[in-house]
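If you want the building blocks of each chain, they are given just below.
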Amino acid sequence: MSFSKGSPGSQTPADIEAGSPAGCSADFDDGEFSADPFDVTRTKNAPVQRLRRWRSRRQGSTGLRQAALVLNASRRFRYTLDLKKEEEKKRLLRIIIMHTRVIQAAYLFKKAAQMNGLGTIKPDSSSSGEFLIGLEQLCSISRDRDTTALRENGGVVGLSNLLKTNLEKGIRRDDADLVKRRTAFGSNNYPRKSGRSLLMFMWDACKDLTLIILMVAAMASLALGIKSEGIKEGWYDGGSISFAVILVILVTAISDYKQSLQFRDLNEHKRNIHLEKVIRDGRRVEISIYDVVVGDVIPLNIGNQVPADGVLITGHSLAIDESSMTGESKIVEKNSKDPFLISGCKVADGSGTMLVTAVGINTEWGLLMASISEDNGEETPLQVRLNGLATLIGIIGLSVAIIVLIVLLARYFSGHTRNSDGSVQFIAGKTKVGNAIDGVIKVFTVAVTIVVVAVPEGLPLAVTLTLAYSMKKMMADKALVRRLSACETMGSATTICSDKTGTLTMNQMTVVEACIGGKKITPPDDAGQFPPLLCSLLIEGVAQNTNGSVYVPEGGNDVEISGSPTEKAILEWGIKLGMRFDALRSESSIIHVFPFNSDKKRGGVAIMLPDSKIHIHWKGAAEIVLASCTRYIDLNDQWVEMDEEKMSYFKNVIEDMAADSLRCVAIAYTSYEMENVPTSEELAHWSLPEDDLVLLAIIGLKDPCRPGVKDAVQLCQKAGIKVKMVTGDNVKTAKAISMECGILGSSSDATEPIIIEGKRFRALTDKGREEIVDSILVMGRSSPNDKLLLVQALRRKGHVVAVTGDGTNDAPALHEADIGLAMGIQGTEVAKESSDIIILDDNFASVVKVVKWGRSVYANIQKFIQFQLTVNIAALAINLVAAFSTGEIPLNTVQLLWVNLIMDTLGALALATEPPTDSLMDQDPMGRREPLVSNIMWRNLLIQAMYQVSVLLILNFQGVKLLGLRDEPNRPATRVKNSLIFNAFVFCQVFNEFNARNPVEINIFKGVSRNYLFLGIVGITVVLQIVIIEFLGKFAKTVKLDWKLWLISVIIAFISWPLAVVGKWIPVPEAQLSTFIRACLRI
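Values in this document were obtained by computation on a predicted structure and should not be read as measured data.

Considerations on the overall build of the protein
Item 1. On a plain count of helices and strands, the protein comes out with 39 helices and 30 strands.
Item 2. Going through the 1083 residues of the protein one by one, you find that 57% of them count as buried.
Item 3. A separation of at least 24 residues holds for 74% of the contacts in the protein among residues at least 6 apart in sequence.
Item 4. Roughly 45,000 Å² of accessible area belongs to the protein as shown, and the carbon and sulfur atoms make up 58% of that amount.

Brief notes about the pairing of strand β13 (residues 510–516)
Item 1. Taking burial as the measure, the seven residues of β13 include five buried ones, the bulk of the element.
Item 2. Two elements, β13 and strand β23 (residues 693–702), share six bridges in a ladder whose sense is antiparallel. Bridge pairing in β23 places threonine 510 opposite lysine 702.
Item 3. With three bridges connecting them, β13 and strand β14 (residues 519–521) associate as antiparallel partners. Across the sheet, residue alanine 514 finds its bridge partner in β14, namely isoleucine 521.
Item 4. Joining the antiparallel neighbours β13 and β14 is a turn of two residues, in which glycine 517 adopts a positive phi near 60°.

Re a negative patch on the surface
Item 1. Together, Glu641, Asp643, Glu644, Glu645, Asp691 and Asp692 line one region of the surface with negative charge.
Item 2. Tracing the backbone shows aspartate 692 in the loop between α23 (680–683) and β23.

So, a nonpolar patch on the surface
Item 1. On the surface, Leu198, Ile246, Leu250 and Ile254 cluster together to form a nonpolar patch covering roughly 300 Å² of accessible area.
Item 2. With three residues, helix α11 (residues 236–271) is the largest single contributor of residues to the nonpolar patch.
Item 3. Its location among the elements puts isoleucine 246 in helix α11.

Some remarks on the packing of aromatic side chains
Item 1. Inspection of every chain in the model, using the stated rule, returns 18 aromatic pairs.
Item 2. Summarising the aromatic geometry, the rings of tyrosine 649 and phenylalanine 650 are spaced 5.5 Å apart at their centres and angled 65° between planes, so their arrangement reads as edge-to-face.
Item 3. Exposure remark for phenylalanine 650: the relative accessible area of 1% places this residue in the buried category.
Item 4. Taken together through their ring pairs, the aromatic side chains of Phe991, Phe994, Phe1005, Phe1014, Phe1054 and Trp1057 make up a single cluster.
Item 5. The ring centre of tyrosine 649 lies 4.6 Å from the NZ or CZ of lysine 646, which sits over that ring.
Item 6. Residue placement shows arginine 769 over the ring face of phenylalanine 761; its charged tip is 5.9 Å from the ring centre.

Re the side chain of arginine 855
Item 1. Examined against the element boundaries, arginine 855 turns out to sit in helix α31 (residues 844–885).
Item 2. Of the side chains with opposite charge, aspartate 924 comes closest to the buried, unpaired arginine 855, at an N-O distance of 6.4 Å.

Some points on the nonpolar core
Item 1. In this structure, Phe844 and Ile865 are the most contacted members of the largest nonpolar core, which totals 151 residues.
Item 2. Counting residues per element, this core draws most heavily on α31, at 19 residues.
Item 3. Contacts of isoleucine 865, omitting those with residues within four sequence positions, involve Leu386, Leu389, Leu459, Leu932, Val933 and Met937.
Item 4. The next biggest cluster of nonpolar side chains, apart from the first, holds 34 residues, and it includes Ile141, Ile320, Ile342 and Cys345.

Considering helix α28 (residues 784–796)
Item 1. In a regular helix each residue adds 1.5 Å, so 13 residues correspond to 18 Å; α28 covers 19 Å between its end C-alpha atoms and thus fits that length.
Item 2. Counting buried positions along α28 gives eleven out of 13 residues, so the element sits mostly inside the fold.
Item 3. Residues Pro784, Asp786, Lys787, Leu788, Leu789, Leu790, Val791, Ala793, Leu794, Arg795 and Arg796 constitute the buried set of α28.
Item 4. Count one or two residues on from α28 and you reach glycine 798, which has phi positive near 95°.

Focus: the pattern of salt bridges
Item 1. Evaluation of the coordinates by the stated rule reveals 34 salt bridges.
Item 2. A salt bridge links glutamate 770 to arginine 796; the shortest N-O distance between them is 2.7 Å. Of this pair, glutamate 770 sits in helix α27 (residues 766–772) while arginine 796 sits in helix α28, and the two are 26 residues apart along the sequence.
Item 3. Counted as one network, the salt bridges with shared partners bring together Arg172, Asp174, Asp177 and Arg181.

Focus: unusual backbone geometry
Item 1. A cis geometry characterises the amide bond from threonine 522 onward to proline 523, with omega recorded as -10°.
Item 2. Here proline 523 is to be found in the loop between β14 and α18 (532–544).
Item 3. Each neighbour pair has its own omega, and for glutamate 752 with proline 753 the value is 10°, a cis peptide bond.
Item 4. Its identity as a non-glycine residue notwithstanding, serine 317 has a phi of 55°, on the positive side.
Item 5. Within the secondary structure, serine 317 is located in strand β7 (residues 309–321).
Item 6. Of note in this structure, asparagine 507 is not a glycine but carries a positive phi near 60°.
Item 7. Note on placement: asparagine 507 falls in the loop between β12 (495–498) and β13.

Section: the confidence of the model for the protein
Item 1. Model confidence for the protein is summarised by a mean pLDDT of 81, while 83% of its residues fall at 70 or above.
Item 2. Confidence drops under a pLDDT of 50 for residues 57–70, and excluding neighbours within four residues, the segment shows 34 contacts in the predicted structure.
Item 3. This stretch, residues 117–125, has a pLDDT under 50; its non-local contacts, to residues over four places away or in other chains, come to nine contacts.

A short note on the environment of leucine 1024
Item 1. Among the structural elements, leucine 1024 can be located in helix α35 (residues 1012–1031).
Item 2. Since its relative accessible area comes to 35%, leucine 1024 is described here as partly exposed.
Item 3. Separated by 126 residues in the primary sequence, leucine 1024 and tryptophan 898 have C-alpha atoms spaced 9.8 Å apart.

A short note on the sheet that holds β12
Item 1. One open sheet holds the eight strands; their spatial order is β11-β29-β28-β27-β12-β24-β26-β25, and the pairing between them is mixed. Taken across any chain shown, the strands that pair with only one partner, and hence form the sheet edges, are β11 (479–481) and β25 (755–757). Neighbouring strand axes in the sheet, compared pairwise and without regard to direction, differ in orientation by 20° on average.
Item 2. Alignment of β11 against strand β29 (residues 837–839), held across three bridges, turns out to be antiparallel. Residue pairing across strands places alanine 479 opposite isoleucine 839, the latter belonging to β29.
Item 3. Helix α25 (residues 731–741) contacts β24 (722–726), β25 and β26 (778–780) of the sheet and is inclined by roughly 150° relative to β26.
Item 4. Along the sheet face, α28 touches β12, β24, β26 and β27 (801–805) and points at about 170° away from the line of β27.

Quick notes on the rules
- Residue numbering note: each chain is counted from 1, following its sequence as written.
- pLDDT decides what is reported in this predicted model: residues at 70 or higher carry local features, side-chain atom pairs at 80 or more are listed and counted, and totals for whole chains, interfaces and linings draw on all residues regardless.
- The side-chain quantities take in all heavy atoms of the structure and omit both hydrogens and water.
- Helix and strand assignments follow DSSP, with helices taken as H or I runs no shorter than four residues and strands as E runs no shorter than two, numbered in order from the N terminus.
- With a 1.4 Å probe rolled over the protein chains alone, any residue whose accessible area is under 20% of its type maximum counts as buried; one over 50% counts as exposed, and the rest are partly exposed.
- Throughout, a contact is declared for two residues whenever any of their heavy atoms are within 4.5 Å.
- Computed with the Shrake-Rupley method and a 1.4 Å probe, the accessible areas treat only the protein chains shown as cover for residues.
- What makes two strands pair is DSSP finding at least two bridges between them.
- Each patch is built from residues lacking any salt bridge and having more than 30% relative accessible area; the joining distance is 9 Å for like charges and 5 Å for nonpolar side chains (Val, Leu, Ile, Met, Phe, Trp, Tyr).
- Salt bridges are counted wherever a side-chain nitrogen of Lys or Arg sits within 4 Å of a carboxyl oxygen of Asp or Glu.
- Counted as positive: Lys and Arg. Counted as negative: Asp and Glu. His and the chain ends are not counted at all.
- Lysine's charge is taken at NZ, arginine's at CZ, aspartate's at CG and glutamate's at CD.
- Here is the rule: rings of Phe, Tyr and Trp (six-membered ring for Trp) pair when centre to centre is within 6.5 Å. Planes less than 30 degrees apart are stacked, more than 60 are edge-to-face, and the remainder are tilted.
- Placement of a charge over a ring requires the Lys NZ or Arg CZ to be within 6 Å of the ring centre, with the centre-to-atom vector within 35 degrees of the ring normal.
- Among buried residues, the Ala, Val, Leu, Ile, Met, Phe, Trp, Tyr and Cys ones that are joined through side-chain atoms within 4.5 Å form a nonpolar core.
- Each helix should span, by expectation, one fewer than its residue count multiplied by 1.5 Å.
- pLDDT measures the predictor's confidence residue by residue and takes values from 0 up to 100.
- A fitted line through C-alpha atoms serves as each axis, taken over the contacting stretch for helices, and the angle formed by two N-to-C directions is quoted from 0 to 180°.

This is how it looks when you write it as structure tokens:
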């Protein structure tokens, strides 16, 4: 057998990272092929049956117990997905969808009635304050999708007049106007269901079966004690147990309540969508979705969410996905015939602007969100596995408790149990019935308390605690977690597929090179070198073929440009060439728009000039647009045929720009005959001519790499994570940027398949893709579908894949990946909703921080498991051996409840909130089926547990003799000995908390000074222990200890530190002990 030293999470050779064998389909990596109900490695997109399976108490007729020992199900399963509430959510959605269909049917019926001359009943048209249209009338137009009422009010233009909105410039920005609109038409918000109160969490904590039994036993003991000894002395036994139980309930409830507040805050962050483009006073401003008001003019682009109900002002091939509200997956085209836009739907294609007519609770989306706004929780694989571990430990603890109960009852009724003065507690025929019942109750409470200590209900909740802590801290690191499971899964990531623009680069583009008229122009914005006609056409194309905008304030200073980074850079270049954006836009009218398409890598626009001439402008990936060009305009404003020599020249220009890490964009145009333009009915489906184009310019845009991105990539590589760059830019640009970022080591690495073009990868078979997918580091000219194929191939190979994405078409890849990372700045709402984590600053370094936090989650849970199992084993062993040997246990009910509090709630708070360390990135990724208790953890906890059991049992059997203790008035030697055992045991746990902080490294104090919560909890534990021993003796059945015994307690506990250091030099076997134990338990 070979031995190795490593981390508690080190990788085993047989482990499959993704949790599924290489030959298995990705469909299997939720653990379906495993017989173990708790073996759920992937809860993302998991079927409900799979999630319900591990919750069930029995599996079919096999009788296999799965979660049998759930003594407080409401607490253990609180932060897992509430399947009943999820079903209720779906039911409500079905009702809303049915309501929508009824409205549509009613509208069709009303329209038919109008055609038959039956007329209609108009809603109340009373005005709302300063506005000439009332709330009810306005809402009914949107809700009923009443085109007749819209037409009667003058269409969208008439409606804007009634709402005092300028369709070009939007509403005014002053606060007074916004207040008037909110007063008249409401705010874009909806009432939230109030969160659970502290009293509700206390009630949940009270439902713990063991605590209920203890309270009943405490009440019986209280009644019997008062009856036999009087109220002055008789209330101590029952009262002390009651007090201990109440303390456990309070601490548990407060801890759970604080977690719920953290999750509530994070959910609010998830709901708060920021809109970049709301037009107010003629400028595009960024606001929260909650700040949208009736009358707002809102531009819509692909991937946006419709933020409120409204009507279409203008649209170009605008298509809306209304499935979230209608239940139908059909994409609906929006135009003058169907201009109504529903809140909550997504823009599937095209672009347009809308006028807001209803917000908040006055929309169907608002009603739906108000009904289902309560969070239903979520599953994480670690929670499921820890529930399995807690169940296993609980069964062992219950078995021990039953054995102890039988032994203690047998000894009690056979006369072998004695009081501290040596007298027999039970003599058949002589002991009073009340005293006998009191004795039985004490034995029973001890057995129940052992179950309390043994069943680690707090173990699954420790995951929630560390996730809540991590998610809050990750917000500061610019990462918003939308799905709990992603936080821990990120710690297992083996591959990160990253976008280039904005993630690895700064997303601050500028035009640094330009090829105009067949010649490079230096500097690129020197308009004096441009011939007049070419410059005019170029500026026309820049101004018209864009979804960005330019705002020039009065005075002409500080021009504001909005749009994507590429659009902003080109518009800024156009302004330097003399472009007057608003004037050019107003001089001609847009006939049709072909929005930029990530598959075709280009976008176009058809415009009609004042002289009725038609110009069609194209802009996109340089080599793709160039391939459609047959002519170019030279520096003499002459049209020149594109021969092979000139085509080769332009291709070389593109390659040179790409080699300098520049994004290459070509701008071209063609004229078109008016008579060939389709009629208005066919215009929406018109495919703009894209051949026989005239090349106007090739420009190179510089987007520098982010500072620190190379270090972040190297850190990932050191941590065993492969970084792959997937970009829509051409292969040469991708190669240059990847070398700059450290993804590629040198030019010699830039060979296929290490660097590959999207279409080459796409053309391969599934098997062919799997053969080369591990080798790929850079994919250029890729489409969103190529990214999806890459993710699928990686997952089939057993990788845990994290993918970044920002576009609507990235949604399938984000959904398919183990962890989908959407960009917070450039990402569309569709991408964000398909993601698990939103990177708020679009920075790759933030992705690496998420990996570190993910590993920290797993590491913290392992620390807590090691600590808790040590206490479990030691407490159970001490009480079991003592019960068999003497019939008495050294740790009584109150003391065990205090130990349980240290072990469960306080221990979880101390160890589950450790911040991540740099050493986490020195390890390989954690396999998702790797045992929760590694061999290193077994070594550490067994050493500590055996030491504690040995020392405390020696004290239990020989303590009076070894310490020279004597009976004194009100201070029996046995009670002094038991007090010392209790004190030493508690201090052993306090010192062992430091050992658990770092299961691998020798220096267990590293970073402890920065963890104030850990130090605070240790300090509180020590202070409370001193109070219990010195001042609460009657409650805890302890006596005051002198300074020598205090010193002995501390020395016993202190020895655990050097013992841990020695233990860490002991090698561990590679074969996992946890796997062997599980196999034995199944036999």
